[in-house]
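Chain by chain, the residues run as shown.
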Amino acid sequence: MSLSGYRVAVLIPCYNEEVTIGAVVRDMRLALPDAALYVYDNNSTDQTFARAREAGAITRRERLQGKGHVIRRMFADIEADFYVLIDGDGTYEAAAAPKMIRLALENAHDTVMGVRVHEHAAAYRAGHVLGNKVLTGLVVSLFGRGQSDMLSGYRVFSRRFVKSFPAISSGFETETELTVHALQLNMSMGEVSTRYVERPEGSFSKLSTYRDGFRILGTIVHLLKQERPFLFFGLIACALAAIGCLAGLRSVLDFIETHTVPHLPSAVLATGLEILAALSLVCGVILDSVAHGRQENKRLAYLGLQAPPSL
């Protein structure tokens, strides 16, 4: 099936990828000969910008540091029917891009994920694998469903997805935000397995297992507070109520036996904790109504855009 009748834009955010960016651009050109290839350089200190231009990409710069800032700029600037987002580090299989777009066309998907399949441990470090599984499982448990490789940087989007995406994050946690956006609006999603290889010699990862893992975890907590506030504040209320019960148990038992409260500080502490628990629960109820209104507005904005092309 030919993709020549559709506008396809390949988006490649880059930071210090002079070793790999030329090959990535050339491989994507072979895989998608009719696509427009955009490389956005994010303050690289090497020759990334020049190498991308030499390979034939449309090159632009984004001064705000962070992958999230680059994606926000790309989504705002570029018009297409389908958007292919891929990292510039040469670890993803360019040949999978047509398969991902065809799957989106056949099923009218708003997003298709490139699920990484690796053969060598050097390609996908054990810490990253574990972190991805934990964070993906957390998102599934909090939002009811998810994708099997939430942190993959290889995705296809419809125009409707791109133009309805608020793009709040600034760094690598933007992959989490992309996934949660699709889950919130109950978008049609698909997956395609793609080979994932190690970086070539001289190319270095910018990811930090622990630093970026905690940033992604923080993003999940923030999104939970924003999108499911009743659950977020309800859990806090339950924790405060449980601690309050434990703190006040001795005072209650003393009062039953002696009709006095000899441990007054514990009783005051327990009362304060129970009041805070009640306030947290009320906040959750109020903010849940606000979140429902926000979600309705986001859904209406999403539905106001043209549906993705389909066969």
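Let me begin by describing the structure that accompanies this report. These numbers come from a predicted model, not from an experiment.

1. Let's talk about the pairing of strand β1 (residues 8–14)
Next up, step 1: Counting buried positions along β1 yields seven of seven residues, so the element is predominantly enclosed.
Next up, step 2: Sheet analysis places β1 next to strand β4 (residues 82–85), joined by four bridges and oriented parallel. Following the sheet pairing, A9 is matched in β4 by Y83.
Next up, step 3: In the classification by handedness, the crossover that spans β1, the intervening helix α1 (residues 21–31) and the parallel strand β2 (residues 36–41) is right-handed.

2. Some points on the pattern of salt bridges
Next up, step 1: A complete count under the given rule lists eleven salt bridges for this structure.
Next up, step 2: Between D87 and K67 there is a salt bridge; the shortest N-O distance is 2.8 Å. Here the residue D87 occupies a position in the loop between β4 and α4 (96–107), and K67 occupies one in helix α3 (residues 67–77), the gap between them amounting to 20 residues.
Next up, step 3: With its nearest N and O atoms 2.5 Å apart, the salt bridge here joins K67 to E175. Separated by 108 residues along the polypeptide, K67 in helix α3 and E175 in helix α7 (residues 174–184) bring together distant segments of the chain.

3. Quick notes on unusual backbone geometry
Next up, step 1: You will see that N16, though not glycine, has its phi angle at about 55°, which is positive.
Next up, step 2: Tracing the sequence through the fold places N16 in the loop between β1 and α1.
Next up, step 3: Within the chain, A167 stands out as a residue other than glycine whose phi angle is a positive 55°.
Next up, step 4: Relative to the helices and strands, A167 is located in the loop between α6 (159–164) and α7.

The rules behind the values
- Residues numbered from 1 in each chain as written.
- Predicted model: local features only at pLDDT ≥ 70, side-chain atom pairs only at ≥ 80, totals over all residues.
- Heavy atoms only, no water.
- Buried < 20%, exposed > 50% of the residue type's maximum accessible area, 1.4 Å probe, protein only.
- Helix = DSSP H or I, 4+ residues; strand = E, 2+ residues; numbered from the N terminus.
- Pairing = 2+ DSSP bridges.
- Right-handed = clockwise from strand over helix to strand, strands pointing away.
- Salt bridge = Lys/Arg side-chain N within 4 Å of Asp/Glu carboxyl O.

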